[in-house]
Amino acid sequence: MTERRPVLVVHGGAGTHAAIAGCPEARKAVEEGVVQAARRGYDELRKGGSSLDAVEAAVMSLEDNATFNAGHGSCLTLEGAVEMDASIMDGHSLDAGSVVCVSNVANPVHLARAVMEQTKHVSLISDRASAFAEHVGIGTVNPSTLITEKSLRRLHSQPQFQASRLDDFYKQNPGSTGTAKDDNHGTVGAVALDSHGNVAYATSTGGINAKMPGRMGDSPIIGSGGYADNRCGCVSTTGDGEALMKTCLARQITFLMEQGRSAQQAVEEGLSYLQDRVGGSGGAIVLTPQGDIGISFVSKGMSWAYVNSPQIHYGIYHGEDNTEAV
Ligand SMILES: NC(=O)C[C@H](N)C(=O)O
């Protein structure tokens, strides 16, 4: 196989980014976070690491960064708890791993990789995923260490949270909890191509603010939160999880690439379908085994960064393409 030039793309979530409007420090933290993650992932590729190593390292960097809604700094449920989802996939074998509603692991993407590599299954949920983490030596943490002042403030700012008890909330708002149309940006993801021509993706999230306890989003669902296949490419998605699940957005985008669309055409077409068919909002990053990149979002913003040369490119709002040296 001909040697490929490695490529790494990350996103830090689609959303309205209300928190950074008019706040240069908040904007800087988001930009620095995605640039640092791109650097971390790309370093793995430069050292000869696999695309799986690269997406895992990039996503762990974002999970550790409280600016983003994943790992430390995750959105909270209506009851004020952390319940995180994550997934990872190897485009060479189609092996995949995911974890759902985990509350006491600092890096859910690392646990998802362990599920992929050390079990015969694809997904483990909740307490049983945590028990597996302990079994394979992945340390657990006190869930309260993942909660930040910002995530608490975000929860308490929700009008529906004013109902002090969950029962009252359900009575007053039948069928209505937080949605990703609120300012839930911060889900994180990465796609990578290594020098052997293998692609991979990883996605990790705290979900959506004020979600129902037990709610699973798209991020741990293979084909919705992401997809990777060496035959066509890899995708990591973000946005309105329920809409992403209904449209299987990540698989939809890789299908469009199989039909001959470029990475950019496929991501734009997939997102138009998401909007037109179910009124969903979101974004995605895409990479082909040839190294072509697609980045698009139908939300107000989506932080992203990529490296495929001595320059890192990054942006948040439509039309932005900033650069700095790797
Ligand atoms: N902001 C997000 O991307 C949220 C995530 N897709 C979820 O619904 O869980």
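It should be emphasised that the depicted structure is a prediction, and the values quoted were computed from it without experimental measurement.

This next bit is on the site of the ligand. Residues in contact with the ligand amount to 11 residues; listed here are only the nearest, T187, R215, D218, T238 and G239. The contact in question runs from a nitrogen atom of the ligand to an N or O atom on the side chain of D218, over 2.6 Å. Note that an oxygen atom of the ligand is positioned 2.8 Å from one of the side-chain N or O atoms of T238. Look at the ligand: alone it shows 270 Å² of surface, and the protein chains cover 100% of it. Residue composition of the shell around the ligand, by class: one nonpolar, eight polar and two charged.

With that out of the way, let us pick up the sheet that holds strand 10 (residues 293-297). If you trace the four strands from one edge of the open sheet to the other, you get 7-8-9-10, paired in antiparallel fashion. Since the sheet does not close on itself, it has two edges, and those belong to strand 7 (226-229) and strand 10, each with one partner. Direction aside, the axes of adjacent strands within the sheet are offset by 5 degrees on average. The strands touched by helix 9 (residues 263-278) within the sheet are strand 9 (282-287) and strand 10, with strand 10 carrying the most contacts at an inclination of about 25 degrees.

Let's shift gears to helix 1 (residues 24-46). Compared with an ideal rise of 1.5 Å per residue, which puts 23 residues at 33 Å, helix 1 spans 32 Å between its outermost C-alpha atoms and is within 8% of the ideal. On its buried face, helix 1 is in contact with strand 1 (7-15), helix 2 (51-63), strand 5 (188-193), strand 11 (301-307), strand 12 (311-317) and strand 13 (322-325). At the exit of helix 1 stands G48, carrying a positive phi of roughly 95 degrees.

Reading guide: rules and limits
Residues numbered from 1 in each chain as written. Predicted model: local features only at pLDDT ≥ 70, side-chain atom pairs only at ≥ 80, totals over all residues. Heavy atoms only, no water. Near = heavy atom within 4 Å. Polar contact = N/O pair within 3.5 Å; in protein donor to acceptor, adjacent residues only side chain to side chain. Areas by Shrake-Rupley, 256 points an atom, 1.4 Å probe, with all protein chains shown as cover. Nonpolar A, V, L, I, M, F, W, Y, C, P; charged D, E, K, R; others polar. Pairing = 2+ DSSP bridges. Helix = DSSP H or I, 4+ residues; strand = E, 2+ residues; numbered from the N terminus. Axes fitted to C-alpha atoms, helices over the stretch in contact; angles between N-to-C directions. Contact = heavy atoms within 4.5 Å. Expected span 1.5 Å × (residues − 1).

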